[in-house]
Structures are given as structure tokens and as C-alpha cells.
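# Breakdown of the fold
The residues making up each chain are set out below.
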Amino acid sequence: MLLGIDGSGKTTTAVALAAAERDEGRRALVVRNRSGRRWLIRAGRRAGTELPVRWADRIETAVRTCNVALSHLRAASTDGLVVMDRHLVCQLVLRQVRGLPPGRVLPWLSDRLLRRATVVLLDVPAETAHARITARGEDDEHLDFLRASRAAYLRGASRGWAVVDATGPTREVLGRIHQGAAHRPA
């Protein structure tokens, strides 16, 4: 499971992890657990409006929960490494940053689904993430949002997640993941 703020390299790293497994002759699958947040923001801009935060959260939570459920079904029927790009934790972080309560079902479901997963938090400074997001030109994030999201993810890492420095070339990040996941507390 790869978690981290936007611009931390989750998707790039997930693809690279799977490719490295395949290069070794093993099976690997990447699944992305999107929430539709980027699409909602773009649609709102085109319409000249913005969804109220609670409505956006409801839609994003439904979309992400469906994606995560489908990903777990695919993972259960896959022989090999399954790399999940994002998870329900990401929605909980969004709720925290937006000042919304976590609810009861989402934290419970998140904890249940992550019990047997290796969770890797790709950590980069908010400024690094912001520069990456700006460079790819597909979306934008405010620096304050990235800082608050990073702080929320780092607080969550107390659950025993491997926190990996995701600055630098992908090859170095992969090495850090292998080292960090191997030393992850049980």
C-alpha cells in the first residue's frame, strides 16, 4: 500500500515496483484507488461553481470506497505482488484537513483492510510535492493544503507504517522502500 500527499510519487513508484517484480519473473499488479477529487474540481470550475465540502466528501468517499473494495477483490484473486496506489486512509486525511469528522465506518473499514498490508508512506516536503505537481501541469494544490496533508499522514504513520523518503530518483526510492518495508515494525 502506497500512501502520501499529492506529488509524493505514489503512482510513479507503484508502476516501478510492479515493473521490478515483473523483471524478476514474478507477477505484479498495480491498482489505483482514486476518489474522483480531481474530476470534481475540474467539473466545478467548468460549471463556475464549487461543491460544498460535505457533498464533495460524500461523493469522493463513495467513489474511493468502491475502488478500494474492487481493488481488494482483485488482490484476493491475484497470485503475486499487488501494489495499491492510495487507500481509504487518503480519504480520512482529506477529511482531517477539511475539518470534517472521520466518521465511524470509514476508519473501521480502513483499519480492517490494512491489517495484513505492508503500508508505505512516501514522504516528501510539501514544497517538493508542490513543484512536482506544478511541473506535471495536470492539476494544482495549495502549499498549505499539502503541508496539512503531510502532517496528517505523518501522524498516521504511528500505526507502524514504513515512512520512506521519496525525494530523489525512483530507483533510490525503490531501494528505500525495500529497506524500510523489511524493517517495518510488526
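One structure accompanies this document, and this report is about it.

Cut-offs applied
Throughout, residues of each chain are indexed from 1 in the direction in which the sequence is written. Local features are withheld for residues below a pLDDT of 70 in this predicted model, meaning they are given only at 70 or higher, and side-chain atom pairs are given and counted only at 80 or more; totals for whole chains, interfaces and linings count all residues. With hydrogens and water excluded, all non-hydrogen atoms of the structure serve as input to the side-chain values. Numbering of helices and strands runs from the N terminus; a helix is a DSSP stretch of H or I covering at least four residues, while a strand is a stretch of E covering at least two. What the globule rule says is 2.2 Å times the number of residues to the power 0.38, and the radius of gyration is computed from C-alpha atoms. Only protein chains enter the area calculation, which uses a 1.4 Å probe; residues under 20% of their type maximum are buried, those over 50% are exposed, and those in between are partly exposed. In what follows, a contact means two residues having at least one pair of non-hydrogen atoms within 4.5 Å. The directions from the helix axis to the C-beta atoms are what the arc is built from. A pair of aromatic rings is counted whenever rings of Phe, Tyr or Trp (Trp by its six-membered ring) have centres within 6.5 Å, and the orientation is called stacked for planes under 30 degrees apart, edge-to-face for over 60 and tilted otherwise. The rule is short: NZ of Lys or CZ of Arg within 6 Å of the ring centre and within 35 degrees of the ring normal puts a charge over the ring. The nonpolar core is taken to be a set of buried Ala, Val, Leu, Ile, Met, Phe, Trp, Tyr and Cys residues, with the residues joined through side-chain atoms within 4.5 Å. Whenever a helix is involved, its axis is fitted only over the stretch in contact; in every case the axis is a line through C-alpha atoms, and angles between N-to-C directions fall within 0 to 180 degrees. Angular relationships are summarised with four words: roughly parallel below 35 degrees, roughly antiparallel beyond 145, roughly perpendicular across 65 to 115, and oblique for the angles in between. Under the grouping applied here, Gly and all other residues not named as nonpolar or charged are polar, the nonpolar ones being Ala, Val, Leu, Ile, Met, Phe, Trp, Tyr, Cys and Pro and the charged ones Asp, Glu, Lys and Arg. Two helices that cross are described as forming a left-handed crossing if the nearer one is turned anticlockwise from the farther one by less than a right angle, and a right-handed crossing if clockwise.

## Digging into the overall build of the protein chain
- Scanning the protein chain from terminus to terminus reveals 8 helices and 5 strands.
- Helices (α) and strands (β) of the protein chain occur, in sequence order from the N terminus, as β-α-β-α-α-β-α-α-β-α-α-β-α.
- For 186 residues, the compact-globule formula gives about 16 Å, and the C-alpha radius of gyration of the protein chain, at 16 Å, lands near that figure.
- The C-alpha extent of the protein chain, read off along each of the three principal axes, is 50 × 35 × 30 Å.
- Relative to its 186 residues, the protein chain shows a buried fraction of 40%.
- Excluding contacts between residues fewer than 6 apart, the proportion of contacts in the protein chain whose partners are at least 24 apart in sequence is 72%.

## Let's talk about helix H6 (residues 126–136)
- Looking only at H6, the buried set comprises Ala126, Ala129 and Ile133. The buried residues of H6 occupy an angular sector of 65° when projected down its axis, which confines them to one face. Turned more than 90 degrees away from the buried face of H6, the exposed residues are Thr134 and Ala135.
- The inward-facing, buried residues of H6 contact helix H7 (143–156).
- Where H6 ends, the next residue or the one after it, Gly137, has phi of about 65°, a positive value.

## Points about the packing of aromatic side chains
- A complete count under the given rule lists 0 aromatic pairs for this structure.
- Seen from the ring of Trp55, Arg58 lies directly overhead, with NZ or CZ sitting 4.9 Å from the centre.

## Quick notes on the nonpolar core
- Counting residues in hydrophobic clusters, the biggest one holds 38 residues, and the most contacted among them are Leu2, Leu3, Leu122, Tyr153, Trp161 and Ile177.
- Contact partners of Leu122, with chain neighbours within four places excluded, come to Leu2, Leu3, Gly4, Ser8, Gly9, Lys10, Thr13, Val164, Ala166, Val173 and Ile177.

## Focus: the packing of helix H3 (residues 53–76) against helix H4 (residues 88–98)
- With their axes 9 Å apart at the nearest point, H3 and H4 run at an angle of 170° to one another. Relative to H4, H3 is oriented roughly antiparallel. Where H3 abuts H4, its residues Val53, Ala56, Asp57, Glu60, Thr61, Arg64, Thr65 and Val68 lie against Leu88, Cys90, Gln91, Leu94, Arg95 and Arg98.
- Classifying every residue of the contact of H3 with H4 by side-chain character gives 6 nonpolar, 3 polar and 5 charged.

## Structural notes on unusual backbone geometry
- Although it is not a glycine, Arg86 adopts a positive phi angle of roughly 85°.
- The exposure class of Arg86 is buried, given its relative accessible area of 15%.

## Observations regarding the packing of H4 against helix H5 (residues 105–114)
- Put simply, H4 and H5 touch, their axes get as near as 9 Å, and they point 150° apart. Judged by the sense of rotation from one axis to the other, the crossing of H4 with H5 is left-handed. Contacts from Leu88, Val89, Gln91, Leu92 and Arg95 of H4 reach H5 at Leu106, Pro107, Leu109, Ser110, Leu113 and Leu114.
- Here the contact of H4 with H5 is composed, by residue class, of 8 nonpolar, 2 polar and 1 charged.

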